[in-house]
Structure formats: structure tokens, C-alpha cells
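Listed here are the chains, written in short residue letters.
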Amino acid sequence: MPSFLFWLFAIVMLVFGALVVINRNPIASALSLVVCFLGLSALFMALDAFFIGIIQVLVYAGAVMVLFLFIIMLLDLRAEERRKMNWFAFVGGFLVALSLLVQILAVIGSTRMAKQTFPPLASPHADDVRNVGLVLFGNYNLPFQVIAVLILVATIGVIVLSKRQLR
Amino acid sequence: MAITVPRPKLTWFERLYLPAIVAGMAITLQHFKNMLLGRTKVTMQYPEQKWDAQLPEHYRGAPALVKDEAGRIRCVACQLCEFICPPRAIKIEPGEIPVKDRFSKVEKYPREFDIDMIRCIFCGMCEEVCPEQAIFLRKDYAITGLTRAEMVHNKEKLLEIGGIMHGVVLKWNEKK
Amino acid sequence: MNPTTSFVIISLLKIVGIVFLVILPMVSYAVYAERKVSALIQDRLGPNRVGPAGLFQPIADAMKFLLKEDFTPAHVNKFYYWLAPCLAMVPAITTIAVVPFGSTLFGVPMVIADINVGVLFVFAIASLGVYGIVIAGWASNSKYPFLGGVRSGSQMISYELSLGLAVVPIFLLIGNLRLTEVVRYQIDHGWMVFPFAGDWKNPAGWLLAVPMWISFAVFAIAVFAETNRLPFDLPEAETELVGGYHTEYSSMKFALFFLGEYAAMITGSAIIVTLFLGGWHFPGVPDGSHGWIFGLINIFVFFAKIAALLFIFIWVRFTLPRFRYDQLMRLGWVFFFEIALVNIFLAAAIITFFDR
Ligand code: SF4
Ligand code: SF4
């Protein structure tokens with residue numbers, strides 16, 4: 001992929017990621033997150049991982065964020081917009097994030113593994129849907145099934161909880 | 001008193017709804033097909049086709065002033081129509097007929113005679129009340145204009161629509 | 001000319017050709033068709049003043065939309081108010097990128113982007129379409145648009161599930177998500193709605209017709225719901241919500257919503273045609289490698305099929321009454337979702353049993 005496209009999408013991601021935090025309006029935050037996901041999916045696609053990229057859009061941007069948006073709209077969070085900025089918390093949070101970033105950079109910079117370049121994938125037009133499926137249902141069949149059961153249990157739990165509240 | 005309307009019990013076949021949907025679709029398709037084949041009667045295409053030939057005798061269109069055989073405006077500016085007109089569409093400014101005139105006995109004539117066609121409701125009261133039978137409802141119905149001023153028919157316009165009316169009253173000819 | 005440059009130029013030509021020269025005129029004429037067909041169904045004549053049989057009516061409509069005052073109410077959230085119409089229009093047109101609208105023309109494949117997750121791409125982009133509506137409803141800052149936006153959001157999410165599940169049997173059968181492969185398979189083995197057409201004697205084909213028909217029905221109905229068409233047009237139900245999410249919009253911004261709906265209809269039909277009705281294939285017509293005239297015929301066949309589906313869209317709209325909202329949700333979650341799910345097992349069983 002042309003590197004300028006990589007930089008473009010990376011910058012889009014970072015800018016909108018920051019906007020998620022900076023925006024005072026919850027809806028604007030949610031929408032910034034959607035744009036951030038779109039940038040991420042573009043980066044995945046640039047690596048020829050079409051399946052992951054598309055799923056990123058389909059699941060996160062298309063379904064999860066819509067639900068988020070919904071909840072935000074229904075709650076009508078006007079108070080958040082009017083609230084005063086707490087400068088002390090702002091500066092503190094910024095410093096924590098900065099120190100974390102410095103730490104990560106220091107760790108990555110000091111290992112040799114970070115400096116290696118990866119060989120290109122065997123075939124850039126591999127049928128990644130099939131490959132993902134084979135790996136998921138072959139090598140990792142048991143963990144996959146366990147996760148499925150876990151999610152099912154979580155779903156049932158949510159239903160039970162919400163029903164109880166109604167009564 | 002509340003009345004409980006019993007819900008009809010639907011059979012499982014009816015509860016599928018599909019037969020009803022298919023039947024409905026068939027009906028609309030039938031209409032579509034009949035229209036395409038030109039079997040359905042449709043409304044008249046107004047500006048191209050007109051209904052004028054079928055207008056009934058009693059049709060009430062635009063009110064208009066008429067002249068008699070001698071070319072005299074029949075209206076004597078008595079203002080009865082102005083008085084009776086329900087929406088007050090008529091405005092008359094009477095004038096005096098000079099003594100030398102052949103019809104000086106009539107005494108008055110309308111100097112101005114305006115009917116505001118935005119107001120007129122085509123009720124025909126003016127025609128009914130007029131003692132001189134000078135105002136008639138004609139069959140013109142397409143009265144249009146781009147401005148309010150255009151919609152006010154003045155005397156010339158009214159006479160143009162009205163034309164000459166023969167017969168009916170001839171009283172001023174004899175009274176010399 | 002190096003391969004990259006020529007690839008870019010050919011892609012641009014395809015995008016411009018298909019979007020601006022085919023889809024957009026088709027959108028405006030879909031509006032004309034809607035008015036004309038609805039008129040004929042209701043024993044009226046429909047538009048017949050501008051040009052012969054009113055054929056230039058779309059141009060007059062476009063002029064009217066352009067010349068109307070573009071009014072922005074004072075109480076709206078300006079930025080999102082302006083953003084929403086674009087968000088409604090863009091996804092509808094973007095989905096056409098992966099749909100093969102013809103075989104080949106002068107050796108160039110007639111598909112803008114032949115990616116290996118074709119149908120997932122369509123679903124992903126289509127799922128973004130809900131943002132335009134939800135944001136329009138929220139940014140308008142008044143109750144009817146808001147209700148319309150919320151309704152439409154929940155409706156689209158509900159029916160996306162059935163939409164996604166309904167196509168699984170096809171991909172179980174083909175084993176490939178690439179839409180060009182789907183069309184190729186249908187040419188060899190008969191259209192998806194006639195899976196027995198390729199081999200009349202094989203009982204597998206006849207048995208497969210059952211899940212395919214169920215898939216087709218569920219998918220088509222879900223497309224109706226996704227594009228907010230009657231009988232599922234609750235987001236804009238004019239009798240209860242005035243205009244739904246576009247109540248506060250005027251002029252060209254309203255036109256974008258309006259055209260977005262029709263563009264979504266066209267792309268939805270394009271997907272149905274590609275997945276179930278053989279794409280650009282017509283029995284007896286060879287593909288574009290036998291001469292450019294056949295390539296053109298293939299493209300024409302594809303759009304003729306879309307036009308036929310559009311007619312059905314309109315026909316249904318002017319026949320069926322609107323669903324109540326709880327009925328709509330129940331239908332989506334309790335009925336179509338389950339049917340699509342069971343259908344997957346049915347198709348899988350048939351496919352494994354006959355080992356197609
Ligand atoms: S028709 Fe009726 S409304 Fe019209 S001018 Fe005569 S009296 Fe007035
Ligand atoms: S009632 Fe007749 S005569 Fe009297 S003013 Fe009216 S039109 Fe003239």
C-alpha cells in the first residue's frame with residue numbers, strides 16, 4: 001500500500017481517537033469513534049486482511065456503535081456538555097497517558113524484536129475468510145466453543161437481570 | 001357503556017397472511033394492467049379537453065354586464081346588486097346621463113362597474129336582484145390572473161364577456 | 001502506461017460510468033417510475049406534462065429541488081444537520097462497488113472492486129447507512145424526526161440479522177464470498193432460485209430449491225425493511241410522524257435523503273439479482289469474451305433485472321398497508337430470524353447429504 005495512505009489513515013485514527021476523549025458532546029464522541037474504526041479497518045485492508053477489516057466495520061461501526069448512539073440519545077446527556085472542566089484531573093490524566101506512552105516507546109525501542117522486518121505474506125490474495133475459518137474451527141475449536149458458551153451465559157444473565165428489574 | 005367487539009377467529013391459513021397479500025397484489029396488478037391497456041376510464045385531461053359542450057343550461061359562471069339591441073348598457077346603476085352581493089364583490093360608481101341624451105329618462109348609468117372575481121362566489125344573487133336584467137351569469141369558469149388587480153373585472157371586461165342580450169326587457173325604448 | 005496508472009484510469013472510468021451515467025439517472029427515473037406505476041395502480045395517469053408521457057419530469061424535479069430555498073431551522077445542531085444527508089446517500093452508492101454488473105467489456109471485468117469478502121462488504125457499508133438517518137433524527141432536535149430516527153435505527157439493526165443469516169446457505173453451497181464467483185457458480189449450476197436448472201435429473205438440485213426459496217424470501221423482505229420501504233416504512237410513516245427523520249429538511253438536503261432511499265433500493269435490488277437471480281447471466285447469452293456486443297447485452301440484462309425488481313418494490317408499496325411497530329419487530333426477531341437460522345441447518349444438511 002502506498003505509504004502516504006498508511007499515514008493518512010493512521011493520522012485519521014489518531015485524531016479521531018483523541019476527539020473521542022476531547023469532545024464534550026457524547027454523540028460527537030461516539031461518531032468520532034466510528035470514524036476511528038473506519039480508519040482502523042482501512043489499515044487492516046491495506047494489509048490484505050479484508051475479512052478482519054470488514055468485520056471491524058460490520059460489527060463495531062455498524063452494530064455496536066449504533067446501539068451506543070441509541071442509548072446516548074435516549075438518555076439525553078445534556079449535563080455532560082454543561083459540566084465544567086476539571087483542570088486538575090485533565091492535567092493528571094494527560095501526564096499519566098504521557099508517561100505510559102514514554103514507557104511503551106522505551107520498552108519497544110530497547111528490544112531487538114521490534115526492529116525486525118517481516119517477510120511478505122506468501123500470497124497477498126489468500127482467501128482469508130477460508131483461512132480464518134479453518135484456523136478457528138480446526139486449531140482453536142475448543143476455545144471457540146467455550147467462548148460461545150460464555151457469551152450465551154452472559155446473554156441469559158442480561159435477560160434475567162433486565163426482567164427482574166421490570167417486576 | 002363499553003361494547004366488546006369480538007375479534008374474528010382466524011384459521012391458520014388466514015393467519016399466514018400470505019394468501020391475502022397475494023390476493024391484494026393480484027388486484028393492484030389487475031388495475032395496472034387495465035390502465036396500461038387503456039380499459040380504465042380516467043379523468044378528462046382538462047386544458048386539452050373541455051367540458052364546455054356539456055355545460056348545463058343553469059350553469060353559473062362569471063357575472064357579466066349586457067347591452068341591449070340599441071347598444072346601450074342596460075345597467076341603470078341602481079346598486080341593488082352591490083347591496084345584495086354576499087361577499088361584496090361588486091363596486092359601482094354611478095354617473096348621470098345628460099338631458100340631451102336619447103335615454104335621459106334613465107337618469108343614471110354606471111361610470112365604473114368592478115366585480116372582484118377573487119371575492120365572487122358565483123351565487124347568482126346579482127342576476128336575480130337586477131330590476132333591469134342587466135347582469136347575467138355567463139358560462140365562463142376559467143378566470144385566472146397573475147395579480148389581484150388582474151382579477152378585478154372592470155366595466156369593459158364585463159361588457160366584453162356579456163355581449164348583447166336580445167329581448168327580455170325593452171322598457172326604455174317606448175318611454176320617450 | 002504502467003499497470004497502476006491504467007488500473008486507476010480504468011477504475012475511475014468504471015466508477016464514473018456506473019455511478020453517474022447509470023445509477024444516478026436510474027435513481028431519478030425510479031422516482032418517475034414510482035409516480036407513474038403508483039398512478040396506474042390507482043387508476044390515475046401520473047406525471048404526463050413535462051415531455052412525452054412526462055418523461056422529462058425527473059429533470060423538472062431536480063430543477064425544483066435545486067431552486068428551492070435551503071432552509072436550516074434555528075434549533076438544529078448545525079454540523080450534524082448538514083452531515084446527515086451525505087451519510088444517507090454515500091453508503092447507498094458505495095455498495096455498488098463490489099457488485100459485478102456485467103461480464104467483461106473489451107477484456108475488462110465489469111466490477112469496480114472484486115474483493116474476496118464481497119457480500120460482507122455490502123453488509124458492512126449498508127449497516128453504516130443507519131447513521132445518516134439516526135443523526136438526522138437527532139440533529140433536527142424535534143420530536144418527530146427523533147422518533148423516526150430511533151425507529152429506523154432499531155429496525156435496521158433487527159433486520160440486518162435476518163439479512164446476514166439469509167445468505168449463509170448460498171455461501172455454504174458455493175464456499176466463496178466473492179460476488180463474481182457467486183455469479184460464475186450460478187452460470188454453471190443454474191440461478192440460485194432455480195438450483196435444479198443445471199442438472200435436471202439430480203434430486204439434490206430440487207431439494208436445494210427449498211432452502212434457496214426460503215433464503216430468497218427472507219432476504220428480499222429484509223431488503224424491504226433495510227431500505228425503509230413500505231410495508232416497513234415506519235421511520236417516515238407520514239400519518240404519525242409527519243415526515244419522520246427528514247421532517248426538518250428542505251431543498252437539496254431533503255433530495256439527498258429522498259434519492260438515497262431510491263439508491264438504496266437500486267443497490268439492494270442489485271444484490272438480490274447478484275445473489276439469487278444469476279447476476280448478468282441470461283440463458284443462451286454468452287459472456288463478454290465472445291465480443292463486446294455480448295458484454296453490453298450482459299450489462300443490459302443486469303439492469304433489466306434490477307428494473308424488474310424495482311417494479312416489484314413499487315407494486316408492493318402501493319398494495320400493502322404499513323405494519324404496526326411492535327408487529328414489525330416481532331416479525332423480524334421472532335419470525336424471520338428463526339426461519340433464517342433453521343434454513344441454514346436445512347441447507348447444510350442437504351449439502352452434506354448430497355455432497356455438492
Ligand atoms: S354572483 Fe353572487 S358573489 Fe358574484 S357578483 Fe353576483 S352576487 Fe356577488
Ligand atoms: S342591479 Fe342591475 S341595474 Fe342595478 S346596478 Fe346592478 S346591474 Fe345595474
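How each quantity is defined
Residues numbered from 1 in each chain as written. Chains lettered and ligands numbered in written order. Predicted model: local features only at pLDDT ≥ 70, side-chain atom pairs only at ≥ 80, totals over all residues. Heavy atoms only, no water. Helix = DSSP H or I, 4+ residues; strand = E, 2+ residues; numbered from the N terminus. Rg over C-alpha atoms; globule rule 2.2 N^0.38 Å. Buried < 20%, exposed > 50% of the residue type's maximum accessible area, 1.4 Å probe, protein only. Contact = heavy atoms within 4.5 Å. Lys, Arg positive; Asp, Glu negative; His and termini not counted. Charge placed at Lys NZ, Arg CZ, Asp CG, Glu CD. Buried area = accessible area lost by both parts, 1.4 Å probe. Salt bridge = Lys/Arg side-chain N within 4 Å of Asp/Glu carboxyl O. Polar contact = N/O pair within 3.5 Å; in protein donor to acceptor, adjacent residues only side chain to side chain. Nonpolar A, V, L, I, M, F, W, Y, C, P; charged D, E, K, R; others polar. Near = heavy atom within 4 Å. Core = buried A, V, L, I, M, F, W, Y, C linked by side-chain atoms within 4.5 Å. Phe/Tyr/Trp six-rings, centres within 6.5 Å; stacked < 30°, edge-to-face > 60°. Lys NZ or Arg CZ within 6 Å of the ring centre and 35° of its normal.

**Regarding the overall build of chain B**
Then, in step 1: Helices and strands together make up the secondary structure of chain B, namely six helices and five strands.
Then, in step 2: Moving toward the C terminus, one meets the helices and strands of chain B in the order α-α-β-α-β-β-α-β-β-α-α.
Then, in step 3: Taken over C-alpha atoms, the radius of gyration comes to 28 Å for chain B, far larger than the 16 Å a tight globule of 176 residues would show.
Then, in step 4: Taken along its principal axes, the extent of the C-alpha atoms in chain B is 95 × 50 × 35 Å.
Then, in step 5: Per-residue burial for chain B yields a buried fraction of 30% across its 176 residues.
Then, in step 6: Put simply, 71% of the contacts in chain B that link residues at least 6 apart link residues at least 24 apart.
Then, in step 7: Side-chain charges of chain B comprise 27 positive and 22 negative groups, with the mean position of each set lying 7 Å from the other.

**Overview of the interface of chain A and chain C**
Then, in step 1: On the chain C side, the residues contacting the 27 residues of chain A number 25 residues.
Then, in step 2: In total, about 2200 Å² of surface goes out of reach between chain A and chain C, with carbon and sulfur atoms giving 77% of it.
Then, in step 3: Here chain A is connected to chain C by zero salt bridges.
Then, in step 4: If you look at where chain A meets chain C, you find one residue pair in polar contact (both at pLDDT 80 or more).
Then, in step 5: Those elements that place two or more of their residues in the side of chain A that touches chain C are α2 (26–46), α3 (50–75) and α6 (128–137) of chain A.
Then, in step 6: Residue contributions to the side of chain A that touches chain C peak at 15 residues, all from α3 of chain A.
Then, in step 7: Along the lines of polarity and charge, the residues of the side of chain A that touches chain C split into 21 nonpolar, two polar and four charged.

**A word on the site of ligand 1**
Then, in step 1: Close contacts around ligand 1 come from Cys85, Pro86, Pro87, Ile90, Cys120, Ile121, Phe122, Cys123, Gly124, Met125 and Cys126 of chain B, and that covers them all.
Then, in step 2: Residues belonging to the shell around ligand 1 are distributed by class as follows: ten nonpolar, one polar and no charged.

**A few points about the nonpolar core**
Considering soluble globular proteins, one finds that nonpolar side chains tend to be buried as a cluster.
Then, in step 1: Within the largest apolar cluster, 128 residues are counted, with the highest numbers of intra-cluster contacts made by Tyr131, Phe219, Leu275, Phe276, Phe302, Phe303 and Ile306 of chain C.
Then, in step 2: A per-element tally of this core places helix α4 (residues 118–139) of chain C first, with 16 residues.
Then, in step 3: Once residues within four sequence positions are removed from consideration, Leu275 of chain C is found in contact with Val119, Val167, Ile170, Phe171, Leu179, Val182, Gln186, Met192 and Phe219 of chain C.
Then, in step 4: Core analysis: the next-biggest nonpolar cluster, separate from the first, contains 22 residues, Ile73, Ala77, Ala89 and Ala134 of chain B among them.

**Considerations on the packing of aromatic side chains**
Residue and element names in this part refer to chain C.
Then, in step 1: For the structure on display, the rule yields 23 aromatic pairs over all chains.
Then, in step 2: Here Phe335 and Phe336 contribute two aromatic rings whose centre-to-centre distance is 5.5 Å and whose plane-to-plane angle is 65°, an arrangement assigned as edge-to-face.
Then, in step 3: The partly exposed category is assigned to Phe335, whose relative accessible area is 44%.
Then, in step 4: In this structure Phe336 comes out as buried when scored by relative accessible area, which is 8%.
Then, in step 5: Every member of this aromatic cluster is reached through a ring pair, and the members are Phe65, Phe254, Phe258 and Tyr262.
Then, in step 6: Between Lys143 and the ring centre of Tyr144, over which it is positioned, the NZ or CZ distance is 5.6 Å.

**Things to note about the pattern of salt bridges**
Then, in step 1: According to the stated counting rule, one finds eight salt bridges over all chains in the structure shown.
Then, in step 2: Between Arg111 of chain B and Glu93 of chain B there is a salt bridge, with the nearest N and O atoms lying 3.4 Å from each other. Taken as a pair, Arg111 of chain B in strand β3 (residues 108–116) and Glu93 of chain B in strand β2 (residues 90–96) lie far apart in primary sequence, 18 residues in all.
Then, in step 3: In this structure, the salt-bridge partner of Lys253 of chain C is Asp70 of chain C, at a minimum N-O distance of 2.9 Å.

**Observations concerning unusual backbone geometry**
Residue and element names in this part refer to chain B.
Then, in step 1: With a phi angle near 55°, Phe122 is a residue other than glycine that sits in the positive phi range.
Then, in step 2: Tracing the backbone through its elements, the reader meets Phe122 in the loop between β3 and α4 (125–129).
Then, in step 3: Since its relative accessible area comes to 25%, Phe122 is described here as partly exposed.
Then, in step 4: Residue Gln133 is not a glycine yet carries a positive backbone phi of 50°.

**Considerations on the environment of Leu147 of chain C**
Then, in step 1: Along the chain, Leu147 of chain C turns up in helix α5 (residues 143–166).
Then, in step 2: Considering only alpha carbons, one finds Leu147 of chain C and Ala97 of chain C, 50 residues apart in sequence, at a separation of 32 Å.

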